[in-house]
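Topology and contacts: notes
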Amino acid sequence: MDERIKENVHRGPADQADPLQGGELWDSPTVSICCITFNHASYIRSALDGFLMQETDFAYEILIHDDASTDGTADIIREYTARYPDIIKPILREENQYSKGISNISIFNFPRARGEFIAMCEGDDYWTDPHKLRKQVDFLRAHPDCSLCFHSSKIISVDGSMAEGMMRPYRESRKVEPEAIVDKSTGYPTASLVFPARIVKTLPDYYLHCPVGDIPMQLMMACAGYAYYMDEPMCVYRVGVASSWTSLMKQGDYENKQKRYYEQMKEMYETFDRSTFGRFHNEAMSAAKRIYFLTQVNTKHYDQVRKKEYRRYYRELSLRTRFFIRFEIMAPGLYRLIQRVVRGSN
């Protein structure tokens, strides 16, 4: 750990543990940081250092679930746990849970969270702002009717692909109404999410049986209140990580995997719609339709992508993405050549 992080750890966690300084004891954390890992040995130090550099006036705990990594991730977690035993609380699996059909691994972290709030960050992402937690907790405490606080993220590609530079859902800090959380045009960075822990103490069926965890979790937050977006890039989202859900999805029969993904997500939105008695019916159906559209983009079914009924979703794509779709349609050979050259230079 570099000297800057050591200094921040001293100003943050060390002071929080001293009740004579007016801080909280570590056995009553305000925030539970929930982190899931699998084969993140190349990245997990950045994640842990981002947690430990937080400068706060409250205590936090770090809950890590490693899903039987085979690359040394668990050894790194043990190393950090030995140094911060009062803060880091790991679960180190010997048998992979995802392979058993448990897609939302956070179900193992949520029940043991003791904090009033939960902050999310997967092991291949990391935080960059030492005041991130304090900013978000301060807002949530001042606005008890707010059920989610999140922010923008920088994007780093690790596989040589041409990734977007920012994950920025909105162009200014703003309140996001529940309906807009359900039917949003772009994803929210998982490493940016902070929310009241009470929301995930009871998990509905549409969360438990969904192939991804972030979207149904945000639907739960829409049911509990509004969200607030901070237009600050306080974390980094890595794309192209070999063990990530997106990368695993691209292995094998990608076409059928995308079809199955849409079917599962459509079922999830329908279950959500029933469980909320139609409160967000139009938004949920639109969100499911958007998922279908995006799977058609991913599988390059541009005859579907350019249909009039999907025009709204097409316009939501970035200018960059629309440019490359047009480029590939008009000059497919040249497009593939440029892709190979770009990948070969990285």
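Because the structure is predicted, anything quoted here is derived from the model rather than measured.

**A look at the overall build of the chain**
Of regular secondary structure, the chain possesses 14 helices and 10 strands. The long-range share in the chain, meaning contacts at least 24 apart out of those at least 6 apart in sequence, stands at 76%. Entry remark: accessible area of the chain is about 16,300 Å², with carbon and sulfur atoms responsible for 51%.

**Quick word on the pairing of strand β4 (residues 117-120)**
On β4, burial covers both faces: Phe117 and Ala119 on one face and Ile118 and Met120 on the other are all buried. Where strand β1 (residues 31-37) and β4 come together, 4 bridges link them in parallel fashion. Directly across from Ser32, in β4, lies its bridge partner Ile118. Bridging between β4 and strand β9 (residues 194-196) involves 3 bridges; their strand directions are antiparallel. Paired with Phe117 across the two strands is Pro196, which belongs to β9.

**Some remarks on helix α10 (residues 281-298)**
Over its 18 residues, α10 runs 26 Å from end to end, which matches the ideal 26 Å to within 8%, given 1.5 Å per residue. If you check which residues of α10 are buried, you get Glu283, Ala284, Ser286, Ala287, Ala288, Arg290, Ile291, Phe293, Thr295, Gln296 and Val297. Summarising the contacts, the buried residues of α10 are in contact with α5 (178-182), α9 (254-275), α11 (302-305), α12 (311-316) and α13 (319-330). Positioned one or two residues after α10, Lys300 has a phi angle of 60°, which is positive.

**Some details on the nonpolar core**
Grouped together as the largest cluster of nonpolar side chains are 41 residues, with contacts concentrated most on Phe110, Ile118, Phe150, Phe195, Met217, Met265 and Tyr269. For this core, the elements supplying multiple residues, two or more each, are β4, β6 (146-157), α5, α6 (205-208), α7 (214-224), β10 (226-239), α9 and α10. Once residues within four sequence positions are removed from consideration, Phe195 is found in contact with Phe110, Glu116, Phe117, Ile118, Met120, Leu140, Ser147, Leu148, Val200, Met217 and Met221. One finds Ile33, Ile44, Ile64 and Trp127 within the second-largest nonpolar core, a separate group that totals 34 residues.

**Digging into the packing of aromatic side chains**
Enumeration over the complete set of coordinates arrives at 16 aromatic pairs. Ring centres of Phe150 and Tyr229 lie 5.3 Å apart, and the angle between their planes is 45°; on these two criteria the pair is classed as tilted. Pair noted here: Phe150 is in strand β6 and Tyr229 is in strand β10, with a separation of 79 residues, a long-range link. Assessed through its relative accessible area of 0%, Tyr229 is described here as buried. Seen from their ring centres, Tyr262 and Tyr292 are 5.2 Å apart, and the 65° between their planes marks the pair as edge-to-face.

**Points about the pairing of strand β3 (residues 88-92)**
Each regular strand shows side chains that alternate between the opposite faces of the sheet. In this structure, strand β2 (residues 60-66) lies alongside β3, joined through 5 bridges in parallel fashion. Paired with Asp66 across the bridge in β3 is Leu92. Taken together, β2, helix α3 (residues 73-83) and β3 constitute a β-α-β crossover, and its handedness is right-handed.

**Considering unusual backbone geometry**
The phi torsion of most residues other than glycine is negative, and most of the peptide bonds are trans. Located in the positive-phi region is Asn39, a residue other than glycine, with phi close to 55°. Not every positive phi belongs to a glycine, and Phe277 is a case in point at roughly 55°. By the element assignment, Phe277 lies in the loop between α9 and α10. In this structure Phe277 comes out as exposed when scored by relative accessible area, which is 79%.

**Comments concerning the pattern of salt bridges**
Where charged atoms from two side chains of opposite charge come close, those side chains can pair. In the structure shown here, the tally under the stated rule is 17 salt bridges. For Asp75, the salt bridge goes to Arg78, with nearest N and O atoms at 2.8 Å. Linking Asp75 with Arg78, this pair stays in helix α3, spanning 3 residues, or about one helical turn. One salt bridge in this structure joins Arg312 and Glu316, with 3.5 Å as the shortest N-O distance. One end of the pair, Arg312, and the other, Glu316, are both in helix α12, 4 residues apart, so they sit about a helical turn from each other.

**Remarks on the packing of α7 against α9**
Look at α7 against α9: their axes get within 11 Å of each other, and the N-to-C directions meet at 15°. In this view, α7 runs roughly parallel relative to α9, as classed from their interaxial angle. In the crossing of α7 with α9, the sense of the turn from one axis to the other is right-handed. Residues Ile215, Pro216, Leu219 and Cys223 of α7 lie in contact with α9, whose contacting residues are Tyr261, Met265, Met268, Tyr269 and Phe272.

**Here we look at a nonpolar patch on the surface**
Together, Leu334, Leu337 and Ile338 make up a nonpolar patch on the protein surface, roughly 240 Å² of accessible area in all. For Ile338, the position within the fold is in helix α14 (residues 332-345).

**Some remarks on the packing of α9 against α10**
Geometry of a packed helix pair, given as the angle between the helix axes and the separation of the axes. Two elements in contact, α9 and α10, have axes whose closest approach is 9 Å; the angle formed by their N-to-C orientations is 175°. For the element pair α9 / α10, the angle class is roughly antiparallel. Side by side, α9 and α10 meet where Tyr254, Gln258, Tyr261, Tyr262, Met265, Lys266, Tyr269, Glu270, Phe272 and Asp273 of the first sit next to His281, Ala284, Met285, Ala287, Ala288, Ile291, Tyr292, Leu294, Thr295 and Asn298 of the second. Here the contact of α9 with α10 is composed, by residue class, of 13 nonpolar, 4 polar and 3 charged.

Definitions and limits used
Residues numbered from 1 in each chain as written. Predicted model: local features only at pLDDT ≥ 70, side-chain atom pairs only at ≥ 80, totals over all residues. Heavy atoms only, no water. Helix = DSSP H or I, 4+ residues; strand = E, 2+ residues; numbered from the N terminus. Contact = heavy atoms within 4.5 Å. Areas by Shrake-Rupley, 256 points an atom, 1.4 Å probe, with all protein chains shown as cover. Buried < 20%, exposed > 50% of the residue type's maximum accessible area, 1.4 Å probe, protein only. Pairing = 2+ DSSP bridges. Expected span 1.5 Å × (residues − 1). Core = buried A, V, L, I, M, F, W, Y, C linked by side-chain atoms within 4.5 Å. Phe/Tyr/Trp six-rings, centres within 6.5 Å; stacked < 30°, edge-to-face > 60°. Right-handed = clockwise from strand over helix to strand, strands pointing away. Salt bridge = Lys/Arg side-chain N within 4 Å of Asp/Glu carboxyl O. Axes fitted to C-alpha atoms, helices over the stretch in contact; angles between N-to-C directions. Parallel < 35°, antiparallel > 145°, perpendicular 65-115°, else oblique. Left-handed = near helix turned anticlockwise from the far one by under 90°. Patch = residues over 30% accessible without salt bridge, like charges linked within 9 Å, V, L, I, M, F, W, Y side chains within 5 Å. Nonpolar A, V, L, I, M, F, W, Y, C, P; charged D, E, K, R; others polar.

Nothing here speaks to function; it is geometry throughout.
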